[in-house]
Amino acid sequence: MAYDQNNIFARILRGEIPCKKVHENEHALAFHDINPQMPVHVLVIPKGPYANLAEFNAKASVEEMSAFMQAVAETAKMVGVEDSGYRLVANNGEDAHQEVPHFHMHIFGGRRIMGRMIKAQD
Ligand code: AMP
């Protein structure tokens with residue numbers, strides 16, 4: 001899958017579109033989701049051009065992967081959900097309704113009634 005250089009997160013990374021930044025390291029950026037689905041809804045993205053997890057896995061260096069996961073954990077702490085708990089979601093591909101073709105992790109939290117993971121209905 002060719003990486004779309006004009007997807008919205010690529011534009012945020014280039015500074016063409018603003019974001020509400022929470023955290024950043026050499027290889028990852030975290031910012032508030034523009035349409036929050038929970039009291040805490042933050043996105044963490046790698047800075048490299050990876051459309052999905054498969055590309056991230058195939059092309060990112062160990063250092064980039066490590067920095068990405070560090071950013072996820074540190075961001076959760078910074079937005080105050082480390083102790084209360086949070087859910088990580090990475091939508092991949094059509095069945096998961098991935099809208100932005102740049103690999104990203106959602107951090108959801110801040111509410112107790114998130115619900116258990118349930119089996120999807122047909
Ligand atoms: P996904 O369906 O996993 O691809 O989710 C993409 C997410 O990006 C959605 O939750 C959107 O609300 C969010 N989003 C889209 N544009 C922006 C933006 N400019 N700044 C922050 N979040 C955005």
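Residues numbered from 1 in each chain as written. Predicted model: local features only at pLDDT ≥ 70, side-chain atom pairs only at ≥ 80, totals over all residues. Heavy atoms only, no water.

(A) Looking closely at the environment of Ala51. Mapped onto the secondary structure, Ala51 falls in the loop between strand E3 (40-46) and helix H2 (53-59). Remark: the alpha-carbon pair of Ala51 and Gly93, spanning 42 residues in sequence, is separated by 9.4 Å. (Helix = DSSP H or I, 4+ residues; strand = E, 2+ residues; numbered from the N terminus.)

(B) Looking closely at the site of the ligand. Around the ligand, the structure places 16 residues, and the nearest of them are Asp33, Asn91, Glu99, His104 and His106. Here Glu99 contributes a backbone N or O atom positioned 2.7 Å from an oxygen atom of the ligand. For the ligand, an oxygen atom lies 3.0 Å from a polar atom in the backbone of Val100. At the level of elements, helix H1 (8-13) and strand E2 (28-32) are the ones that each hand at least two residues to the shell around the ligand. The element contributing the most residues to the shell around the ligand is H1, with three residues. (Near = heavy atom within 4 Å. Polar contact = N/O pair within 3.5 Å; in protein donor to acceptor, adjacent residues only side chain to side chain.)

(C) Spatial organisation of the pairing of strand E5 (residues 105-109). When you tally the buried positions in E5, you get five out of five residues, the bulk of the element. Here E5 shows no split at all, with Met105, Ile107 and Gly109 on one side and His106 and Phe108 on the other all buried. Pairing geometry for E3 and E5, over five bridges, is antiparallel. The partner of Val42 across the bridge, within E5, is Ile107. The pairing of strand E4 (residues 86-89) with E5 spans four bridges and is classified as antiparallel. Among the inter-strand pairings, Arg87 is bridged to a residue of E5, identified as Phe108. (Buried < 20%, exposed > 50% of the residue type's maximum accessible area, 1.4 Å probe, protein only. Pairing = 2+ DSSP bridges.)

(D) Molecular detail of the side chain of Asp33. Examined against the element boundaries, Asp33 turns out to sit in the loop between E2 and E3. Here Asp33 sits buried without a salt bridge, and the closest side chain of opposite charge, Lys20, lies 11 Å off (N-O distance). Within polar-contact distance, the side chain of Asp33 engages the backbone nitrogen of Asn35 at 2.8 Å. Apart from residues no more than four positions distant in its own chain, Asp33 is found in contact with His41, Val42, Leu43 and His106. (Lys, Arg positive; Asp, Glu negative; His and termini not counted. Salt bridge = Lys/Arg side-chain N within 4 Å of Asp/Glu carboxyl O. Contact = heavy atoms within 4.5 Å.)

(E) Quick peek at the nonpolar core. By size, the foremost hydrophobic cluster in this structure holds 17 residues, and its most contacted members are Val42, Val44, Phe56, Phe68, Val72 and Ile107. Considering each element in turn, this core owes the most residues, four residues, to helix H3 (residues 62-78). When neighbours within four sequence positions are excluded, Val72 is seen to be in contact with Val44, Leu88, Met105 and Ile107. Phe9, Ile12, Phe31 and Val100 belong to the second-largest nonpolar core, a separate cluster that totals seven residues. (Core = buried A, V, L, I, M, F, W, Y, C linked by side-chain atoms within 4.5 Å.)

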